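Residue strings, one per chain:
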Amino acid sequence: MAQDQWTAVDRYIVETLLPPDEALEAALKSSEAAGLPAINVAPNQGRMLQILARSIGAAKILEIGTLGGYSTIWLARALPAGGRLVTLEYDPKHAEVARGNIARAGYADQVDIRVGRAIDSLPHLEREGPFDLVFIDADKPSNPDYFAWALKLARVGSLIVVDNVVRGGAVAEAGGSDPNVAGVRRMNAMIAAEPRVIATAVQTVGSKGYDGFAMALVVA
Ligand code: SAH
Ligand code: DHB
Ligand code: MG
């Protein structure tokens, strides 16, 4: 019942506030045709990412976890002329699908997909930073490492956004066996002890169920 209503309201929001977008719809279609899991951000969440990036004038964006490039395209839409986005993806097949989707959307020149384990790609980005916005959305057990890297690659004023930090409510239970939840909780402990950021997390419901985003603003 609840999920049906969340899905219906997401549909209403998308129909009402988001103009039809051929490139984004084609990205979802080709991702599905290629057998990629449908775990991309929802359209209204993608728009939120675009708004956040645009609000801070992000010209250099880092994404960890590309999948088919759906969230990538939303973030790329926020870039100014000459802006750049680097996105990290482990699975070469996902990267290939994303490359096609990103090119079709018109961002081939601005988006750089680095294939490999994010933890191996991140050290090479030190020369390319600082990044104005980092979106963390890959393997959740690595969230503490990704957050540490995001901070290292940031500047004062940078925004770090993390997807899937509520996990159907499981995040509130300490000592569980889910390594995804453990990753989120360890990241939150790091954030709480980090004087350089102010941070929060917000629960969301919608077509993707019950989950949430964390965000941390680098202030010092
Ligand atoms: N941000 C995408 C969804 C990403 S799903 C969107 O909203 O459209 C998570 C992605 O992270 C998957 O494509 C998965 O292959 C990738 N991933 C998993 N482990 C990874 C790792 N160690 N390094 C880089 N990418 C990884
Ligand atoms: C999963 C991963 C995601 O990034 C997401 O947004 C939803 C689900 C998953 O691995 O199940
Ligand atoms: Mg996600």
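For clarity, every value in this text was computed on a predicted model and none was experimentally measured. (Residues numbered from 1 in each chain as written. Chains lettered and ligands numbered in written order. Predicted model: local features only at pLDDT ≥ 70, side-chain atom pairs only at ≥ 80, totals over all residues. Heavy atoms only, no water.)

**Examining the packing of aromatic side chains**
Line of reasoning, step 1. Counted by the stated rule, this structure contains zero aromatic pairs.
Line of reasoning, step 2. If you follow lysine 152 out to its NZ or CZ, it ends over the ring of tryptophan 149, 4.2 Å from the centre. (Phe/Tyr/Trp six-rings, centres within 6.5 Å; stacked < 30°, edge-to-face > 60°. Lys NZ or Arg CZ within 6 Å of the ring centre and 35° of its normal.)

**Concerning the site of ligand 2**
Line of reasoning, step 1. Ligand 2 sits among Ile39, Asp137, Lys140, Asp163, Asn164 and Lys208.
Line of reasoning, step 2. Within the contact set of ligand 2, an oxygen atom lies 3.2 Å away from a backbone nitrogen or oxygen of isoleucine 39.
Line of reasoning, step 3. Here ligand 2 loses 66% of its free accessible area of 300 Å² to cover by the protein chains.
Line of reasoning, step 4. Counted by class, the shell around ligand 2 contains one nonpolar, one polar and four charged residues. (Near = heavy atom within 4 Å. Polar contact = N/O pair within 3.5 Å; in protein donor to acceptor, adjacent residues only side chain to side chain. Areas by Shrake-Rupley, 256 points an atom, 1.4 Å probe, with all protein chains shown as cover. Nonpolar A, V, L, I, M, F, W, Y, C, P; charged D, E, K, R; others polar.)

**Structural notes on the side chain of aspartate 163**
Line of reasoning, step 1. Here aspartate 163 is to be found in strand 5 (residues 159-163).
Line of reasoning, step 2. Each residue touching aspartate 163, except ones within four places of it in the same chain, is listed here: Val41, Phe135, Ile136, Asp137, Lys140, Lys208, Gly212 and Phe213. (Helix = DSSP H or I, 4+ residues; strand = E, 2+ residues; numbered from the N terminus. Contact = heavy atoms within 4.5 Å.)

**Re the coordination of the magnesium ion (ligand 3)**
Line of reasoning, step 1. Looking at the magnesium ion (ligand 3), the protein donor atoms are Asp137 (OD), Asp163 (OD) and Asn164 (OD1), and they sit 2.0 to 2.2 Å from it.
Line of reasoning, step 2. Of note, the donors binding the magnesium ion (ligand 3) are all from one chain and are spaced D-x25-D-N. Pair noted here: aspartate 137 is in the loop between strand 4 (133-136) and helix 7 (143-152) and asparagine 164 is in the loop between strand 5 and helix 8 (179-192), with a separation of 27 residues, a long-range link.
Line of reasoning, step 3. In this structure asparagine 164 comes out as buried when scored by relative accessible area, which is 9%. (Donors = N, O, S within 2.8 Å, 3.2 Å for Na, K, Ca; no water. Buried < 20%, exposed > 50% of the residue type's maximum accessible area, 1.4 Å probe, protein only.)

**Some thoughts on the site of ligand 1**
Line of reasoning, step 1. As a structural note, the neighbourhood of ligand 1 is formed by 20 residues, with Gly65, Ser71, Glu89, His94 and Asp137 the closest of them.
Line of reasoning, step 2. The separation between a nitrogen atom of ligand 1 and a polar side-chain atom of aspartate 139 is 3.3 Å.
Line of reasoning, step 3. Tyrosine 146 places a polar side-chain atom, nitrogen or oxygen, 3.4 Å from a nitrogen atom of ligand 1.
Line of reasoning, step 4. Residue composition of the shell around ligand 1, grouped by class: eight nonpolar, six polar and six charged.

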